[in-house]
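Analysis of the macromolecular model
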Amino acid sequence: MISRIFKPKIITLPNGKEVKQPRSMLPLVVVVFLVFTYFSIQLTGFNLTVLITRINHFFFILGEMIPPRFAYMNRVWDPLLDTLKMSLLGSAIGAALAFPAAILAASNIVKSKIIVHLTRLILSAVRTLPTLIVALIATFVLGLGTLAGTVAIAVFTFAYIGKQLYEIIETVDMGAYEAMEAIGIKKIPAFWLAIAPQIMPVYISTALFCLEGNVRHAAILGWVGAGGIGLILNQRIQFRDYSAVGMILLALLITVTLIEALSHFIRRRLT
Amino acid sequence: MTLLTPQEQFLRAPRRWPFKLAAALIFAAVMVWSSSATQFTGAGLGGAQIARNILMGILQPNTDLLFNFTRQSVLYLLLETMAIAYLGTTVGAIIAIPLAFISATNIAPKPIVLLGRLITIAIRTVPVMIYGLMFIRVTGPGPFAGLLTMSLASVGMVSKMFTEYIEDLDKGIMEALDAIGCTPFQKIRYGILPQLIPDFLSTVVYRYDMNLRDATVLGLVGAGGIGPPLVFAMSSFRWSDAGAILIGLIVLILIVELISGRVRRKLTRGV
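One structure accompanies this document, and this report is about it. (Residues numbered from 1 in each chain as written. Chains lettered and ligands numbered in written order. Predicted model: local features only at pLDDT ≥ 70, side-chain atom pairs only at ≥ 80, totals over all residues. Heavy atoms only, no water.)

**Structural notes on the packing of aromatic side chains**
Residue and element names in this part refer to chain A.
- The full count for this structure, using the stated rule, is eleven aromatic pairs over all chains.
- With 6.3 Å between their ring centres and 15 degrees between their planes, Phe156 and Tyr160 make a pair best called stacked. In this pair, Phe156 and Tyr160 are both assigned in helix α8 (residues 146-170), four residues apart and thus about one turn of the helix distant.
- Its relative accessible area of 23% is what places Tyr160 among the partly exposed residues. (Phe/Tyr/Trp six-rings, centres within 6.5 Å; stacked < 30°, edge-to-face > 60°. Helix = DSSP H or I, 4+ residues; strand = E, 2+ residues; numbered from the N terminus. Buried < 20%, exposed > 50% of the residue type's maximum accessible area, 1.4 Å probe, protein only.)

Here you go:
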């Protein structure tokens, strides 16, 4: 379609043969980019002078956070562990629910097009919901606290792993499964014996990867009252108690790094 | 060596049950430990009613809010969110390019690589909300702060992926260009850029997709976009307004996801 608007350049070679060189899309891309940028700058009020003259204020909070107040750490332990528990349980529930959903969304296992597309639609729709909004809704429905946070994490994990997993299921080697079906093994045992071993390592590895992200996410959930470390983080920020904020962030950083190291170790063993 | 019957072969399968049992026990223990944080607070007794209200709000959205063009309308807010994500991603990508080059082991010497990676890790460590607060001190609340926050939040992932692409550069092409006597400028223009640009653009498009989803988070600290109206509508129980905003957001994200998927396929595979 594009090549019809921008006619390719025709070059006649010395031997009389004509070759077509497609026109470069670069000018068009540059124009579109500049137009988008111009309107975005208008809409957002981007102002370089403000940024340059006031950038020193950016480091104000950072300066206040250092050094972190280590004495505050004994108030950090409980919410930090809550965050960790929320992420672990939420990830496990979400991953467990994602497994059957991914099977229903895999077009090589389930032959009914309606079920496949319906499941995919649900997964996509759930994935578009921002985690924070899910957490907010969960606090309305289930009350403030870690339960709401756990549910929000589970919902997010469910949608993420569900999508990853059905894409993986669709690329597995179907030979063994078809052979088992051919000798009369029922669908579910055949799936369990022929396909599950192929997807298990990737499934567990995706779940662990999701857990890593969830620990980071869980820190934000406290903002809407869904429990965990975000709660005290929000509170300390409102009191402008930045040395305590520094301590919370440091504790969070160490936790996230430890979880990531552990998960990397397990994932390397898996694959 | 005699041929085994399938039965004998089956019995010879490696015995991994002690390992599996240990893994299952550890998993169960972790789950029990983490469920200790999740208590029913009892505040969710009216939960079913609220859940129904939310659902009704989404089913009967405030169409007036959805379809007018004032500064409070859903369409304007979505446009603003898109502009924030667009500029945020662009600025983030621009910051990420030099960082990626100095973090690539095949370009920069070792000490500089270490420095580049340290900067990237340091930028990734601070949660998005904190960046939001820091930038609000610079620019005041509003979309400008949001786009700066988003750009800094994008740098970590984008620069990490850029680095991987740079490290995967095909050296053979450079040597071939060297052999036919190209100048350094020509080598960059015809040897490096064609290899990098599709992957770089694909990463940026993917990040734009992510930033659009994350834009709601910025609202919590007052950094513009669709987040604050949504959270306000929900906390003041205006469900039909919240429903209108949610529908707008979900439709926008689905459309952008569809387009970005197409664009990325075109960029990386050329179809």
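**So, the environment of B:Leu133**
- By secondary structure assignment, the location of B:Leu133 is in helix α7 (residues 128-139).
- In this structure, the C-alpha to C-alpha distance between B:Leu133 and B:Pro229, residues 96 residues apart in sequence, is 18 Å.
- Contact partners of B:Leu133, with chain neighbours within four places excluded, come to A:Ile61, A:Ile237 and B:Val221. (Contact = heavy atoms within 4.5 Å.)

**A word on the pattern of salt bridges**
- Inspection of the entire model under this criterion finds eleven salt bridges over all chains.
- For A:Glu212, the salt bridge goes to A:Arg267, with nearest N and O atoms at 3.7 Å. Taken together, the positions of A:Glu212 in helix α10 (residues 187-221) and A:Arg267 in helix α12 (residues 242-270) put the pair 55 residues apart, joining distant regions of the chain.
- Look at A:Arg267 and you get buried, because its relative accessible area is 16%.
- Among the salt bridges present, the one from B:Arg117 reaches B:Glu167, with a minimum N-O distance of 3.1 Å. (Salt bridge = Lys/Arg side-chain N within 4 Å of Asp/Glu carboxyl O.)

Keep in mind these numbers describe shape, not what the thing actually does.
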